Amino acid sequence: MKRILVSGGAGFIGSHLCTRLVNEGNDVICLDNYYTGSKENVWHLIGRPNFELVRHDVINPYWAEVDEIYNLACPASPIHYQHDPIQTTKTAVVGSMNLLGLAKRTHAKILQASTSEVYGDPAIHPQTEDYWGNVNCVGVRSCYDEGKRCAETLFMDYYRRHGVRIKIIRIFNTYGPRMLAYDGRVVSNFVVQALKNKDITIYGDGQQTRSFQYVDDLIEGMVRMMATEDSFTGPVNIGNPREFTILELAELVIKIIGSKSKIIFEPLPHDDPRQRKPDITLARTKLDWEPKVRLEEGLIPMIEYFKTIIDKI
Ligand code: NAD
Ligand code: UDP
């Protein structure tokens, strides 16, 4: 049994990761300040003897004896990370330093949940890990993008200077049950709008693209990355390379739900990337990993989840 700390464990992705790690028999500490996460997300784990839920803000140090750390703490949706941008940068940067310090002291392995946003509005397509990105450092998304880029720098410097066993994954757009209903992310927005037969809000002309991975595929990739040999640090792209326009996504959600919603077009937010699609050659080679769940399949459990809470949201 490993002792594993998951920061941001009460969030969307963190709750799925904690579930997997607890079910495998590990001793899991879930740290969260509930900024965007909630106890409800991990309700099903409370009472399990190998699960511990701790209210804690990672901008303050935390001490525990652990073997592995997954660092997920950080608001991930534009609405939330822009709500308090200074706190977002602090969480990404100071939070990472605190957990890297913990990894250094305990000789734990530590995995950083980085993001495709480090590529900004990419000038190459699809994005490979050796692409340095096209990121605005003074825009409204910068608190998140640059915070995550600085976190990657810190991870690499703790590796080079202190020999900390680090892993960096760059997560591309992920969806699934327990996403927040009104956090502005496109899949949850469209599903909720379609279930309520409200207008589907496409920003811009809907021709911008994203690649959507189902959360179970991501969790498998994270666990495989943590298990790689110490000399392999990443960064590694973890995402689904199948690319959709936002308009195609809207039409698919309407079709699966059988919704009466109409599509409307609204202004595109600042710095909204035109295209995004991961090159996952490295993940295929080093992790023997590739996504298994097609968007048409993954939307079903996501929609079922939102049906159970639709009257309350
Ligand atoms: P989420 O907002 O649901 O989860 C983030 C969790 O971190 C929440 O539970 C929140 O309360 C917690 N948190 C935030 N600030 C904290 C702090 N200072 N101290 C302690 N806890 C704090 O988002 P998510 O989609 O589950 O994302 C998890 C991680 O994966 C994030 O680091 C995000 O940047 C990364 N990521 C997600 C996606 C995606 O598509 N969902 C894509 C790329 C990267
Ligand atoms: N988007 C949209 N309608 C919405 C929410 C988002 O058209 O109701 C668009 C958004 O402008 C972006 C894409 O969908 O082009 C993905 O947005 P999201 O915030 O989910 O992810 P990110 O931009 O961070 O990849």
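About the cut-offs
- Along each chain, residue indices are assigned from 1 in the same order as the chain's sequence is written.
- Chain A is the first chain written and ligand 1 is the first ligand written, with later ones labelled in order.
- Totals for whole chains, interfaces and linings use all residues, but because this is a predicted model, local features are given only for residues with pLDDT of at least 70 and pairs of side-chain atoms are given and counted only at 80 or more.
- Heavy atoms throughout the structure, all of them, feed into the side-chain values; hydrogens and water do not.
- Lining residues are those with an atom within 4 Å of a point, where the points come from a 1 Å grid over the protein atoms alone and group into cavities, where a 1.4 Å probe fits but cannot get out, or pockets, open sets with protein on both sides within 12 Å along at least five of seven lines.
- Grid points are joined across faces, edges and corners, and a volume is the space filled by probe spheres set on the points.
- A run of DSSP states H or I qualifies as a helix once it reaches four residues; a run of E qualifies as a strand once it reaches two. Both are numbered from the N-terminal end.
- Take a side-chain nitrogen of Lys or Arg and a carboxyl oxygen of Asp or Glu: if they are within 4 Å of each other, that pair is a salt bridge.
- Partly exposed describes any residue whose relative accessible area lies between the buried limit of under 20% and the exposed limit of over 50%, with all areas from a 1.4 Å probe on protein chains only and scaled to the type maximum.
- DSSP bridges decide pairing: two strands pair if at least two such bridges lie between them.
- Axes, fitted as lines to C-alpha atoms, cover a helix only where it is in contact. Angles between the N-to-C directions of the axes lie from 0 to 180 degrees.
- The term nonpolar core refers to a set of buried residues drawn from Ala, Val, Leu, Ile, Met, Phe, Trp, Tyr and Cys, joined through side-chain atoms within 4.5 Å.
- In what follows, a contact means two residues having at least one pair of non-hydrogen atoms within 4.5 Å.

Draft legend 1. Inspection of empty space enclosed by the protein at higher detail. A complete count under the given rule lists 1 cavity of 30 Å³ or more for this structure. Approximately 30 Å³ is the volume attributed to the largest cavity. Around the largest cavity, the lining residues are Asn71, Ala73, Cys74, Thr91, Ala92, Ser96, Gln112 and Lys148. The dominant element in the lining of the largest cavity, judged by the number of residues it contributes, is helix H3 (residues 85-106), at 3 residues.

Draft legend 2. Quick peek at the pattern of salt bridges. The full count for this structure, using the stated rule, is 20 salt bridges. Linking arginine 141 and glutamate 117 is a salt bridge whose minimum nitrogen-to-oxygen distance equals 2.9 Å. Taken together, the positions of arginine 141 in the loop between strand E5 (109-115) and helix H4 (142-162) and glutamate 117 in the loop between E5 and H4 put the pair 24 residues apart, joining distant regions of the chain. Here arginine 141 and glutamate 117 have matching classes, each one buried. A salt bridge links glutamate 296 to arginine 294; the nearest nitrogen and oxygen atoms lie 3.7 Å apart. Members of the salt-bridge network, linked through shared partners, are Arg20, Glu24, Glu220 and Arg224.

Draft legend 3. Layout of the sheet that holds strand E2 (residues 27-32). Taken together, 7 strands build an open sheet; the order of strands is E3-E2-E1-E4-E5-E6-E11 and the sheet is parallel. Every interior strand has two partners, whereas the edge strands, strand E3 (51-55) and strand E11 (236-238), have only one. Here the strands of the sheet are splayed against their neighbours by 20 degrees on average, with no regard to which way each runs. Note that strand E1 (residues 3-7) and strand E4 (residues 68-71) share 4 bridges and pair parallel.

Draft legend 4. Spatial organisation of the environment of lysine 39. With respect to the helices, strands and loops of the structure, lysine 39 is situated in the loop between E2 and E3. Separated by 30 residues in the primary sequence, lysine 39 and glycine 9 place their C-alpha atoms 9.8 Å from one another.

Draft legend 5. Representation of the nonpolar core in the model. In this structure, Leu17, Tyr70, Tyr175, Met222 and Leu299 are the most contacted members of the largest nonpolar core, which totals 62 residues. Sequence-distant contacts of methionine 222, defined by excluding residues within four places in its chain, comprise Ile13, Leu17, Tyr70, Leu72, Leu111 and Ile169.

Spatial relationships are all this shows, so hold off on functional conclusions.
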